[in-house]
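Understanding the architecture of this molecule
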Amino acid sequence: MSDLFTGLKQSLREKTRKKIVFPEATDERILTAASRLAKEELVAPVLIGKVNEVNELAKRLNVDIDSCDITDPNTYEHFDELVDAFIERRNGRVSKEDAQHVLRDENYFGTMLVHLNKADGLVSGAAHSTSDTVRPALQIIKTKEGVSKTSGVFIMVRDEEKYVFADCAINIAPTSDDLAEIAIESARTATLFDVDPRIAMLSFSTKGSAKSAETERVIEAVKIAKEKDASLLIDGEFQFDTAFVPSVAAKKAPNSDIKGDATVFVFPSLEAGNIGYKITERLGGFEAVGPILQGLNKPVNDLSRGCSEEDVYKLALITAAQVE
Ligand SMILES: CC(C)(COP(=O)(O)OP(=O)(O)OC[C@H]1O[C@@H](n2cnc3c(N)ncnc32)[C@H](O)[C@@H]1OP(=O)(O)O)[C@@H](O)C(=O)NCCC(=O)NCCS
Ligand SMILES: CC(=O)OP(=O)(O)O
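- Named according to an unreviewed UniProt entry, the protein is Phosphate acetyltransferase originating from Pseudogracilibacillus auburnensis.
- Recorded under Catalytic activity (unreviewed entry), the UniProt text for the protein is reproduced unchanged: "acetyl-CoA + phosphate = acetyl phosphate + CoA".

What follows is the structure, encoded as structure tokens:
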């Protein structure tokens, strides 16, 4: 296991165990990871599902879930409290009937448990698409004061190398303001993982080598980010080689402070970010840890449906570490 998790596990063991909700308890990867997290006394899993189904799967997999809480939305004793709180949070935009229906969905139900402080964080997405996983969080948990949009980063790890890639999960067509905010939030996230943030704003152009609405959007984002936080080490627009290879940076952007040694890479669109992280993972042999959602009031994280049990385990550790 990479260094990223050694300190993180130590600090989790020193604190009260965080309750992490797993809405997909009948997924084998989720249940195995939850059992391991409980056994190692790192988090207190809250498994959402029918009690008999979850127990049967645990038996079949031969995993111990005795210390995990199992909660079934259909028999939850405080369900009415959740319904009322959901209607309030949605500012009356849902009827009681709709709320009762929506909250039978494991992701909505689990997200409400987090919102009402009955749990501390949530990990889902092994069996649900990103939109089905994060929509409840966007509607219920919402973004922190001062953050207008949540975004999803990956920590890309290979041996001693660690980089932050953003946004790889949420914002399909970010504006300049969005990109600036993603850069600022990603710098914060980088620091949490001991990555010194040197931010490259990526494009297909370096310092005006091409001109288009897309390149202008990135140039404007650099300007906005610098205005918002003058202490940021950020530059662009850069092609990836300029951001990453010192000899290329010396040729294409000799006057930039990012001298081909960027650590945080902000992609210009979700297409670029999502494709970029998967290529780095699958062709480059990097471990992709995430996506870690940043900017929300409470930690909710989405898995890739291609995740392994180990990915679930690690994202749950990160989610617990994000609890404030
Ligand atoms: C994230 C996503 C699901 C939101 O889409 P959506 O639910 O259609 O969004 P809507 O515009 O209907 O907004 C729903 C709510 O979420 C909020 N919201 C939408 N995007 C948001 C964002 N990036 N940050 C914070 N809140 C957001 C809206 O303000 C709205 O809140 P409200 O209902 O309280 O007014 C959508 O942008 C998406 O599918 N993104 C791509 C996800 C993906 O497939 N990624 C690749 C794999 S990881
Ligand atoms: C993050 C991501 O790409 O998720 P999925 O593979 O589930 O679409």
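The discussion continues.
1. Examining a nonpolar patch on the surface
- On the surface, a cluster of nonpolar side chains totalling about 210 Å² of accessible area is made up of Phe240, Phe244 and Val245.
- Among the structural elements, phenylalanine 240 can be located in helix 10 (residues 240–244).

2. Overview of the pattern of salt bridges
- Per the stated rule, a full pass over the model turns up 21 salt bridges.
- In this structure, glutamate 310 engages arginine 36 in a salt bridge whose closest nitrogen and oxygen atoms are separated by 3.0 Å. Note that glutamate 310 is positioned in helix 13 (residues 309–322) and arginine 36 in helix 2 (residues 28–39), a separation of 274 residues in sequence.
- With relative accessibility at 27%, the residue glutamate 310 sits in the partly exposed group.
- The salt bridge partner of glutamate 310 is lysine 314, with a shortest N-O separation of 3.7 Å. With glutamate 310 and lysine 314 both in helix 13, this residue pair falls 4 residues apart, about one helical turn.

3. Section: the packing of helix 1 (residues 6–14) against helix 13
- In contact at an axis separation of 10 Å, helix 1 and helix 13 are set at 55° when each is read in the N-to-C sense. In terms of their interaxial angle, helix 1 and helix 13 are classed as oblique. Considering only the axes of helix 1 and helix 13, their crossing is left-handed. Two secondary-structure elements touch here, helix 1 through Leu8, Lys9 and Leu12 and helix 13 through Tyr313, Leu317, Ile318, Ala320 and Ala321.
- Of the residues assigned to the contact of helix 1 with helix 13, the class counts are 7 nonpolar, no polar and 1 charged.

Criteria and cut-off values
- Residues numbered from 1 in each chain as written.
- Chains lettered and ligands numbered in written order.
- Predicted model: local features only at pLDDT ≥ 70, side-chain atom pairs only at ≥ 80, totals over all residues.
- Heavy atoms only, no water.
- UniProt positions renumbered as here; feature names shortened; annotations may be inferred.
- Patch = residues over 30% accessible without salt bridge, like charges linked within 9 Å, V, L, I, M, F, W, Y side chains within 5 Å.
- Areas by Shrake-Rupley, 256 points an atom, 1.4 Å probe, with all protein chains shown as cover.
- Salt bridge = Lys/Arg side-chain N within 4 Å of Asp/Glu carboxyl O.
- Helix = DSSP H or I, 4+ residues; strand = E, 2+ residues; numbered from the N terminus.
- Buried < 20%, exposed > 50% of the residue type's maximum accessible area, 1.4 Å probe, protein only.
- Axes fitted to C-alpha atoms, helices over the stretch in contact; angles between N-to-C directions.
- Parallel < 35°, antiparallel > 145°, perpendicular 65-115°, else oblique.
- Left-handed = near helix turned anticlockwise from the far one by under 90°.
- Contact = heavy atoms within 4.5 Å.
- Nonpolar A, V, L, I, M, F, W, Y, C, P; charged D, E, K, R; others polar.

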